[in-house]
Amino acid sequence: MASTSTSEPTHPVVFTTQTPYALPSQKFMIPTSWKRYQLSQLVNKALSLPKPIPFEFLVQGEILRGTLAEWCAEKGVGEEETLEIEYFESVMPPQRMSTLPHEDWVSSISCQLPGYFLTASYDGAIRIFDYSQQLLHTSAPHSAPISSLCIVPEPSRADDSSHLLATASQDLTARLTRIDISSPAPKAHTLASLHLHTAPLSSVAASPSGAHILTSSWDGLIGVFDTSIPDADEVSADEIAGGERKKRRKLAQEDGSEAPRPKRKAPTTVLKSHTARVSRVVFGPEAKGASAYSCGFDSTVRTWDVENGVCTSTITASSKPFLDIALTANGHTALAASTDRTVSQYDLRAATTSATTPSVATLTHPATPSCIAVARPSASAPAPAASTSASEHQLVTGAYDGVVRLWDLRSTRAAVAAFRAWESDAATGPKVLSVDWARGLVGVGGEGGVEVWKVGEGDRIAS
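Our subject in this report is the structure included herewith. What you see is a predicted model; the values in this text were computed from it and never measured. (Residues numbered from 1 in each chain as written. Predicted model: local features only at pLDDT ≥ 70, side-chain atom pairs only at ≥ 80, totals over all residues. Heavy atoms only, no water.)

1. Quick look at helix 1 (residues 36-47)
What counts, and what does not: In this description a helix means any DSSP run of H or I spanning at least four residues, a strand means any run of E spanning at least two, and both kinds are numbered starting from the N terminus. By this rule the span expected of a helix is its residue count minus one, scaled by 1.5 Å. Here, residues are in contact when the closest pair of their heavy atoms is within 4.5 Å.
Look at helix 1: 17 Å from first C-alpha to last across twelve residues, which is about the 16 Å you get at 1.5 Å a residue. Tucked into the core, helix 1 has its buried residues touching strand 2 (10-17), strand 3 (27-31), strand 4 (55-59) and strand 6 (83-89).

Here it is, written out as structure tokens:
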């Protein structure tokens, strides 16, 4: 048994880790006054690490935020009971990397395309930036503010310079647009418009296989569309709202030539169960997109069987209009942001039809959280095992006070870190409307435009 040289009270501890920095398998007698900093010093000293590495410590699955004595007193743990403490590398403080100027509010941002940032704005335009902050392309597939943007996966496509985007708008449509980012001048061409909704669309999502699209709307409906481009319109002009012809003439004048009109697509299935506006819909992790999850202003989180078009379970909260939903990496947990200034964590495996399921944990915010993003490891350069293990439990939230917060689901009392986007002298800055997180980069979109922050290890960009 290893002991530290001190006369103060101690507690028996066994350390474990999934990192490459493992301590010998033995029991340590640790002063009960120690906090994270002293424990981190112990690990570094015991391993004789050439460069200090800060660590975080988990006691019974909860991040240690005070002294060992305080934790034991709160949990009622006796002084002779051996504690198993797991440690992992700390997340470095977030660092602002770049600012991407926009003339209008940015409702959606994607960091999923390596080397590029894609944004969607209230001016109806999508924009493509590279990591050097250069604006490569702007196109306007919609005649009203865009509410959501996503990249449609194309696993069988060999050309990595061409990508399919899906956008949702307040013009009552979603659109499929092909972008070509090959030099010297990127191009975009809208291939199809998706028609179903009678109210503004709130979100769009693509299945992992890229075969299907989901749309959600203020009309309470969720549309399921395939991503094939038909030879002929599936919806007649008489069945949709006017204004499309005027918009097409305007775009033709700007481009200098008449572009082929997008084909009008109808949904393959309509998902009906919400009793108020649907805020967000996402696919489950299955490759075929068999399941989906949605949240709405009816204070529910719903699980869907996409193929059969039925709601299979409903989580009902009490007076919690939901604004956004995201799934953890394993797909077992839903994170739902609400107007009551919380993000609730729900165990989807415990949900039953029409049952009120209590949240596993609640992340409390000082202002309304508007958006959520979970960490996604780099596809081109997998993160170290330690970073991957930590990121599986981490998420970022953006809120109406202009602050982005980093959370760890193993300890939800307070955010691990926080930063304010768009420097402002006001008590609350411009609202954050969208966040995305990939390869260690967090993109923040909102009333102040776009900022990119580095959170953890990942890609390098020009600053």
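2. Describing the side chain of Ser 279
Threshold: Residue burial is assigned from relative accessible area. The probe radius is 1.4 Å, only protein chains are included, and a residue is buried under 20% of its type maximum, exposed over 50%, and partly exposed in between. By the criterion applied in these results, polar contacts are pairs of N or O atoms within 3.5 Å in which, for protein atoms, one can donate a hydrogen and the other can accept it, and in which residues neighboring in sequence qualify only through two side-chain atoms.
Tracing the backbone shows Ser 279 in strand 21 (residues 278-283). Of the residues examined, Ser 279 reaches a relative accessible area of 10% and is grouped as buried. At 2.5 Å, the side chain of Ser 279 forms a polar contact with the backbone oxygen of Phe 322.

3. Quick look at the pattern of salt bridges
Oppositely charged side chains may form a pair once their charged atoms are brought near each other. For clarity, the threshold we go by: Put simply, a salt bridge is a Lys or Arg side-chain nitrogen that is within 4 Å of an Asp or Glu carboxyl oxygen.
Scanning the entire structure with this criterion turns up 17 salt bridges. A salt bridge links Lys 265 to Glu 234; its shortest N-O distance comes to 3.9 Å. In this pair, Lys 265 is assigned in strand 19 (residues 263-265) and Glu 234 in the loop between strand 18 (221-226) and helix 3 (244-255), connecting sequence segments 31 residues apart. Looking at Glu 234, the relative accessible area reads 41%, which means it is partly exposed. Residue Asp 347 is joined to Arg 349 by a salt bridge in which the shortest nitrogen-to-oxygen separation is 3.2 Å. The class for Arg 349 is exposed, based on a relative accessible area of 59%. Each of the salt bridges in this network shares a partner with another, and the network as a whole consists of Glu 62, Glu 74, Lys 75 and Arg 413.

4. Considerations on the pairing of strand 16 (residues 201-206)
The side chains of a regular strand alternate between the sheet's two faces. Stated precisely, the cut-off is as follows: Between any two strands, at least two bridges found by DSSP are needed for them to pair.
Buried residues dominate strand 16, accounting for six of its six residues. Pairing between strand 16 and strand 17 (residues 212-217): five bridges, direction antiparallel. Bridging from a neighbouring strand, Leu 201 pairs with Ser 217 of strand 17. Hairpin remark: strand 16 followed by strand 17, antiparallel, with five residues in the connecting loop; positive phi at Gly 210, about 80 degrees.

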